[in-house]
2 protein chains.
Amino acid sequence: MVTQITEEIPRSVWYGWGDPTRARPLSARALEYLRTTLGLTSVDAAHPPVELAAVMVGPSVLSVQALAELASICGAEHVSTDNTERIMHAGGKSTPDLLRRRGGDAAGAPDAVLFPGSAEDIRKLLDLCARRGIAVITFGGGTSVVGGVEPLRGAFEAVVFLDLRRMDRLLHLDPLSRTATFEAGIRGPAIEAALAPHGFTLGHFPQSHQQATLGGYVATRSAGQASTGYGRSDDLAKAAHLETPAGPMDVGSPAPGSAAGPRLLDAILGSEGTFGVITSATVRIAPVPEHKSHGSWSFESFAAGAEALRRLRHEGRRGDMPHVCRLSDGDETAATLKLGGAKTAALGRYLGLRGQPAPALGLFVWEGPKSETIARRRRSARILRAAGGIPAGPLPARAWEHGRFSGPYLRDELLTRGVYVETLETAATWTKLESTYRAVRGAILGALQEHGGTGYVQTHVSHVYPDGASLYFTFLAGLEPDGLAQNARVKKTASEAIVAAGATITHHHAVGIDHAPYMEAEIGELGLKVLAGIKATLDPAGIMNPGKLIPTPIKEKP
Amino acid sequence: MVTQITEEIPRSVWYGWGDPTRARPLSARALEYLRTTLGLTSVDAAHPPVELAAVMVGPSVLSVQALAELASICGAEHVSTDNTERIMHAGGKSTPDLLRRRGGDAAGAPDAVLFPGSAEDIRKLLDLCARRGIAVITFGGGTSVVGGVEPLRGAFEAVVFLDLRRMDRLLHLDPLSRTATFEAGIRGPAIEAALAPHGFTLGHFPQSHQQATLGGYVATRSAGQASTGYGRSDDLAKAAHLETPAGPMDVGSPAPGSAAGPRLLDAILGSEGTFGVITSATVRIAPVPEHKSHGSWSFESFAAGAEALRRLRHEGRRGDMPHVCRLSDGDETAATLKLGGAKTAALGRYLGLRGQPAPALGLFVWEGPKSETIARRRRSARILRAAGGIPAGPLPARAWEHGRFSGPYLRDELLTRGVYVETLETAATWTKLESTYRAVRGAILGALQEHGGTGYVQTHVSHVYPDGASLYFTFLAGLEPDGLAQNARVKKTASEAIVAAGATITHHHAVGIDHAPYMEAEIGELGLKVLAGIKATLDPAGIMNPGKLIPTPIKEKP
């Protein structure tokens, strides 16, 4: 049976998010909300993407000889210099990525896209590319929103992409030890489809689940919507096989709990393709939950809701935490209540009457055996109520779950209608959560309005830890004539506010190009030297994903 | 109120374990057990340690000028070239360490012992030592049993120890985020004494708890007796400050759940002083448990007991796992039952009547709020019974807890009586646990008996993970004339069996010198190069703890 989490979708459209047949037009209510909230005089569909045929893409600089050598390794049918394929790989899914491609600019597209079939193929390809001085970027689902798969060439003439889509098999399942080994190119739904017949799940559901790959997960330390329960990708990963220009490498002990020195797996997790290619990974798996129990609670403010989440984490019975644990601020809750149907509008009025005129809505899902799950929810309910929460029934959490993967589709239509929209995220300790929220929200709003327009920011917590929580900001404004400059301005201001607040520059979007300038603040100058030293060991020629993660000055093509 | 876990003991005696006034002589029953089990004709106290005054220790090679420079940094009163101090720092607490020192050999003792008072002191000392070519070994509790603090000089003329005992303060406590920052030289009981007034515990209780330091914990990825509940030291560590010859370095994000690249904290955890000196660490803390609920269950075999532990981990309700979770094999259980009092003998007879003539005893402690803890134990009891467990009441678990830190004292008297005793440990997946147990146990027994004598091995599981468990082997034999050769033979055979079994070379004893030859099997040639590369970045002159962790050929003094 195909479910929401096992359903595979086509490869993403080149100009936007996912499978465009899944996008739904903005409702009249949403358009009206944009007009009133952002004060936009026009939200017409005046900025559609150009036709694919009109996209500018330079010629491939690879010689016939180089292409023949690449083809001799993975087969001519798995080497493409086709313009459409190159445009499809001309970057990720950040708003500037989309602005560029929608505007017809794919000038930096890779010179070829390779589809290797095995770690052996990749080993030979890396040898060849190191010898010929060709930059190599590994491509999974291509959903990076921080420039992680920008086709930068670094110091090299040419850049090729390794698209791992052919490497999508379940290699080994150990039901007794509850681990599974997959090839890195397997996408989220296929992971779940492979595990489901054995009664297991990975439990990793980022918003990019339908497109992203296991290799991408572990290469970026991704977190999923249920990571509060199942753990982040870096908790789930147990081992990985890597092909590097310096040779193959296995990281992660097959055994649990090793004390054999530094944990090199953690040097590879989050390395974003800059050290080598993760070709397979072994992950912890969990039984498919028998039952899901949904609940929603409303709080008088975001701060009150955050304090309730902290108490849930600290005072709740061991193991009671919900698998999904989200809290929207007043703005995000207001949008939810206004843009939903009659029922959500009624909920808003009810909360107002209960003394919460600007409520912050929390959504929770407990997963597990039925009786246990319900008991966990009941015990948690006591804490949430004691913390000032008003129960709002299971429906808001169910509605969120129903649309859990669809949010990013909205951006395509918003951009078409001249609305700038982007997201960014961080995490902070409980002690610094509220100050980080205020500082970053204020910084984004200020930057959005810097040129006089209106701006809108909504925020939520999506992951709860013993020592703190994540913060996720979604923001909109009228698209300025230079959308790239607008985006750079807002991101820079927000990033500086995050650093100043003592939070982390990224909770789950990873580093890519966008956050590289803030890595020194995050890990220090000597930390950067350690990263550069690891790269020098594994990728002496520097061909792997140049310009990402480590903010070394990269010599670009003139 | 001073408790078992906050009681501080004097610094360890030079020839053995801990505070010798805490050692109790072997009982007549134990001596008889040794005679029958090991077939030893003599267990007389014929091999006492030499007098301290008779220990051979070479002169310090440090020049007056060098000593003056060292003293100018941390104060003359904190620089010692006293022979007793040097002998106290002439290695750790492995059986070969003790055999050497008991026999009067401290020839390799460090040239000076320094007691820095701050990270600033350490930074200056490292500068000086790098400039003068002096090897530096950091010393916390000195309880390494794998040669982690052997005073090797590497390529250098002189070696100094940095004993961190003066750096023992609680620097910061964040009760809201449940984290605490300590200087690295604080010992286990002092950590607990500092946290207790605030209602918190670190929950980290290795057998070395009374002597070991926080810096040692995180530098070796130690696991404690309650780590199944609280997590290992590498789970508890959130951040650390390091002084390296290349400069100061902070690792670990203050925020939870960062995705900002590779996790450099995990490159420092387990680095065993080879990259720099951990001067402080921030750790997760937990509320002091209101209640402890003890339980013991007996199984018909070690394999049956291990399967029960796996089911407890996999089938138990989320959060129900005991904090302490141990399982002795038939040999260890037989020793416990024979060497206990009348009650344990009666328990053995009872289990025999219940159809368990060679039982494997499991010991469990659940910690937390009283009602929750009892409920967790009750639910777990159902699983343990269904897995064939016979309840044996709380007393065996309580008795274990009472003596939880006293085991290693026995070794001193055993060595005096001519009995060779050592321990080693590993961990394996559930799938490989039984085969690893059999292979390693068989290898140890074979090596013990290689020269014709009798040998004895007992084994237990002490840590349970989702994907597997640890295995801890304690073994005895008559002490051969060349005890060092005897030990090397047994350790080598056991280590090779661990590697061949696909287990990890160490679960919590760490690498030191003893396991360095097996690091290539553990992390691969390229993994070793990555470690060496990190060391080259942080310690370009190679002065930090030479010869440990990374099996580079170290040029020794002739």
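Residues numbered from 1 in each chain as written. Chains lettered and ligands numbered in written order. Predicted model: local features only at pLDDT ≥ 70, side-chain atom pairs only at ≥ 80, totals over all residues. Heavy atoms only, no water.

### Considerations on the overall build of chain A
Part 1 of the reasoning: Along the backbone of chain A there are 19 helices and 19 strands.
Part 2 of the reasoning: Relative to the globule expectation of 24 Å for 558 residues, the C-alpha radius of gyration of chain A, 23 Å, shows essentially globular dimensions.
Part 3 of the reasoning: Principal-axis analysis of the C-alpha atoms places the extent of chain A at approximately 75 × 60 × 50 Å.
Part 4 of the reasoning: Split into buried and exposed, the 558 residues of chain A put 63% on the buried side.
Part 5 of the reasoning: For chain A, the share of sequence-separated contacts (at least 6 apart) that also reach a separation of at least 24 residues comes to 78%.
Part 6 of the reasoning: Put simply, chain A has 58 plus and 56 minus side-chain charges, and the middle of one group is 7 Å from the middle of the other. (Helix = DSSP H or I, 4+ residues; strand = E, 2+ residues; numbered from the N terminus. Rg over C-alpha atoms; globule rule 2.2 N^0.38 Å. Buried < 20%, exposed > 50% of the residue type's maximum accessible area, 1.4 Å probe, protein only. Contact = heavy atoms within 4.5 Å. Lys, Arg positive; Asp, Glu negative; His and termini not counted. Charge placed at Lys NZ, Arg CZ, Asp CG, Glu CD.)

### Comments concerning helix H19 (residues 519-538) of chain B
Part 1 of the reasoning: For H19 of chain B, which comprises 20 residues, the first-to-last C-alpha distance of 20 Å sits more than 12% below the rise-based estimate of 28 Å (1.5 Å per residue).
Part 2 of the reasoning: Considering bend angle alone, the principal kink of H19 of chain B is centred on Glu525 of chain B and spans about 80°. (Expected span 1.5 Å × (residues − 1). Bend = angle between axes of the 7 residues up to and from the residue.)

### A few points about the interface of chain B and chain A
Part 1 of the reasoning: With 81 residues of chain B at the interface, the matching set in chain A holds 80 residues.
Part 2 of the reasoning: Between chain B and chain A lies a buried interface of about 5800 Å² when both sides are counted; carbon and sulfur atoms form 60% of it.
Part 3 of the reasoning: When the buried surface of chain B facing chain A is broken down by residue, Pro262, Arg318 and Leu526 of chain B rank first, second and third, together holding 13% of it.
Part 4 of the reasoning: The tally of links from chain B across to chain A stands at four salt bridges.
Part 5 of the reasoning: With a shortest N-O distance of 3.8 Å, Asp467 of chain B and Arg284 of chain A are connected by a salt bridge.
Part 6 of the reasoning: For the pair chain B and chain A, the number of links is 26 residue pairs in polar contact (both at pLDDT 80 or more).
Part 7 of the reasoning: Ranked by the residues each element gives to the side of chain B that touches chain A, the list is headed by H19 of chain B, at twelve residues.
Part 8 of the reasoning: Residues that form the side of chain B that touches chain A fall into these classes: 34 nonpolar, 27 polar and 20 charged. (Buried area = accessible area lost by both parts, 1.4 Å probe. Salt bridge = Lys/Arg side-chain N within 4 Å of Asp/Glu carboxyl O. Polar contact = N/O pair within 3.5 Å; in protein donor to acceptor, adjacent residues only side chain to side chain. Nonpolar A, V, L, I, M, F, W, Y, C, P; charged D, E, K, R; others polar.)

### Some details on the relation of the copies chain B and chain A
Part 1 of the reasoning: With an axial shift of 0.0 Å and an RMSD of 0.0 Å, the rotation relating chain B to chain A amounts to 180°. Read as a symmetry element, the transformation amounts to a two-fold axis. For chain B, the residue whose C-alpha comes nearest the rotation axis is Gly319 of chain B, separated from it by 2.0 Å.
Part 2 of the reasoning: Looking at chain B, 99% of its interface residues are interface residues in chain A too, so the copies touch through the same face. (Least-squares fit on C-alpha atoms with pLDDT ≥ 70 in both.)

### Description of unusual backbone geometry
Part 1 of the reasoning: Here the phi dihedral of Leu549 of chain A falls at roughly 65°; this positive angle occurs in a residue that is not glycine.
Part 2 of the reasoning: For Leu549 of chain A, the location among the structural elements is in the segment after helix H19 (519-538).
Part 3 of the reasoning: Here Glu272 of chain B, not a glycine, exhibits a phi torsion of approximately 55°, which is positive.
Part 4 of the reasoning: By secondary structure assignment, the location of Glu272 of chain B is in the loop between helix H10 (265-268) and strand E10 (277-284).

### Notes on the sheet that holds strand E10 (residues 277-284) of chain A
All names here are of chain A.
Part 1 of the reasoning: Taken together, five strands build an open sheet; the order of strands is E5-E6-E10-E8-E9 and the sheet is antiparallel. Across the chains shown, the open sheet's two edge strands, defined by having one partner strand only, are strand E5 (170-174) and strand E9 (247-251). Neighbour-to-neighbour, the strand axes of this sheet turn through a mean angle of 10°, independent of strand direction.
Part 2 of the reasoning: As paired elements, strand E8 (residues 237-244) and E9 share five bridges and run antiparallel to each other. Pairing of Leu242 across the sheet is with Met249, part of E9. (Pairing = 2+ DSSP bridges. Axes fitted to C-alpha atoms, helices over the stretch in contact; angles between N-to-C directions.)

### Quick look at the nonpolar core
It is characteristic of soluble globular proteins that their nonpolar side chains tend to be buried jointly.
Part 1 of the reasoning: Counting 210 residues, the largest nonpolar core has Ile444 of chain A together with Ile444 of chain B as the members making the most contacts within it.
Part 2 of the reasoning: Leave out the neighbours within four places in its chain, and Ile444 of chain A touches Leu424, Val457, Phe473, Phe475, Val490 and Ala494 of chain A. (Core = buried A, V, L, I, M, F, W, Y, C linked by side-chain atoms within 4.5 Å.)

### Observations regarding the side chain of Ser253 of chain B
Part 1 of the reasoning: Here Ser253 of chain B is to be found in the loop between strand E9 (247-251) and H10.
Part 2 of the reasoning: Using a relative accessible area of 15% as the deciding quantity, one classes Ser253 of chain B as buried.
Part 3 of the reasoning: Among the polar contacts listed, one links the side chain of Ser253 of chain B to the backbone nitrogen of Ala255 of chain B, at a separation of 3.0 Å.
Part 4 of the reasoning: Each residue touching Ser253 of chain B, except ones within four places of it in the same chain, is listed here: Thr504 and Glu522 of chain A together with Lys238 and Ser258 of chain B.

### A word on the pairing of strand E5 (residues 170-174) of chain B
All names here are of chain B.
Part 1 of the reasoning: For E5 and strand E6 (residues 179-183), the ladder comprises four bridges, and the chain directions are antiparallel. Bridged to Leu173 within E6 is Ala180.
Part 2 of the reasoning: The hairpin turn running from E5 into E6, its antiparallel successor, is four residues long, and Arg178 in that turn takes a positive phi close to 55°.

### Examining the packing of aromatic side chains
Residue and element names in this part refer to chain B.
Part 1 of the reasoning: Scanning all chains against the criterion turns up 16 aromatic pairs over all chains.
Part 2 of the reasoning: Residues Phe139 and Phe161 carry aromatic rings whose centres are separated by 5.8 Å and whose planes lie at 50° to one another, so their mutual orientation is tilted. Of this pair, Phe139 sits in strand E3 (residues 134-139) while Phe161 is found in strand E4 (residues 158-163), placing the two residues 22 residues apart along the sequence. The same class applies to Phe139 as to Phe161, namely buried.
Part 3 of the reasoning: Ring geometry for Phe302 versus Tyr437: centroids 4.4 Å apart, planes at 50°, classification tilted. (Phe/Tyr/Trp six-rings, centres within 6.5 Å; stacked < 30°, edge-to-face > 60°.)

### A short note on helix H18 (residues 483-501) of chain B
The α-helix winds at 3.6 residues per turn, so residues separated by three or four positions along the chain end up facing the same way.
Residue and element names in this part refer to chain B.
Part 1 of the reasoning: Under the 1.5 Å per step criterion, the end-to-end length of H18 is 27 Å for 19 residues, consistent within 8% with the ideal 27 Å.
Part 2 of the reasoning: Those residues of H18 not exposed but buried are Gly483, Gln486, Asn487, Arg489, Val490, Lys491, Ala494, Ser495, Ala497, Ile498 and Ala501.
Part 3 of the reasoning: Where H18 is buried, its residues meet helix H4 (95-102), strand E16 (419-429), helix H17 (430-448) and strand E19 (468-478).
Part 4 of the reasoning: Of the residues that open H18, the one with a side-chain oxygen 3.3 Å from the backbone nitrogen of Leu484 is Asp482.
Part 5 of the reasoning: Note on H18: the residue one or two positions beyond its end, Gly502, has a positive phi of about 80°.

### Quick word on the environment of Ser208 of chain B
Residues and elements named next belong to chain B.
Part 1 of the reasoning: With respect to the helices and strands, the residue Ser208 is situated in the loop between strand E7 (200-201) and helix H7 (214-220).
Part 2 of the reasoning: With 200 residues separating them in the primary sequence, Ser208 and Pro408 have C-alpha atoms 8.6 Å apart.
Part 3 of the reasoning: Leaving out residues up to four positions away in the same chain, Ser208 has contacts with Trp17 and Thr143.

### Structural notes on the pairing of strand E6 (residues 179-183) of chain A
Part 1 of the reasoning: Across the five residues that make up E6 of chain A, a large majority, five, are buried.
Part 2 of the reasoning: Here E6 of chain A shows two buried faces, one formed by Thr179, Thr181 and Glu183 of chain A and the other by Ala180 and Phe182 of chain A.

### Examining the sheet that holds strand E2 (residues 112-114) of chain B
Residue and element names in this part refer to chain B.
Part 1 of the reasoning: If you walk across this open sheet you meet the four strands as E1-E2-E4-E3, and the pairing is mixed. The open sheet has two edge strands with one neighbour each: strand E1 (79-80) and E3.
Part 2 of the reasoning: The sheet contact formed by E3 and E4 spans six bridges and is parallel. By the bridge assignment, Thr138 is partnered in E4 with Leu162.

### A look at the environment of Asp329 of chain B
Residues and elements named next belong to chain B.
Part 1 of the reasoning: Summarising the element assignment, Asp329 is placed in the loop between strand E13 (324-328) and helix H12 (330-339).
Part 2 of the reasoning: For the pair Asp329 and Pro546, spaced 217 residues apart in sequence, the C-alpha separation works out to 38 Å.
Part 3 of the reasoning: Apart from the residues lying within four places of it in its own chain, the contact partners of Asp329 are Phe302, Pro359, Ala360, Tyr437, Arg441, Gln458 and Thr459.

### Side note on the packing of helix H11 (residues 302-315) of chain A against helix H14 (residues 370-386) of chain A
Residue and element names in this part refer to chain A.
Part 1 of the reasoning: Where H11 meets H14, the closest approach of the two axes is 9 Å, and the angle between their N-to-C directions is 140°. By the angle between their directions, the pair H11 and H14 is classed as oblique. Every pair of crossing elements has a handedness; the one defined by H11 and H14 is right-handed. The residues of H14 that touch H11, namely those facing Ala308, Arg311, Leu312 and Glu315, are Ser380, Ile383, Leu384 and Ala386.
Part 2 of the reasoning: Partitioning the contact of H11 with H14 into residue classes produces five nonpolar, one polar and two charged. (Parallel < 35°, antiparallel > 145°, perpendicular 65-115°, else oblique. Left-handed = near helix turned anticlockwise from the far one by under 90°.)

### Observations regarding the packing of H17 of chain B against H18 of chain B
Residue and element names in this part refer to chain B.
Part 1 of the reasoning: The contact between H17 and H18 brings their axes to 8 Å, and the two run at 160°. Considering the angle they form, H17 stands roughly antiparallel to H18. The two elements H17 and H18 meet at a crossing, and its hand is right-handed. From H17, Lys432, Thr436, Ala439, Val440, Ala443, Ile444, Ala447 and Leu448 reach across to H18, where they touch Arg489, Val490, Thr493, Ala494, Ala497, Ile498 and Ala501.
Part 2 of the reasoning: Considered class by class, the residues forming the contact of H17 with H18 number eleven nonpolar, two polar and two charged.

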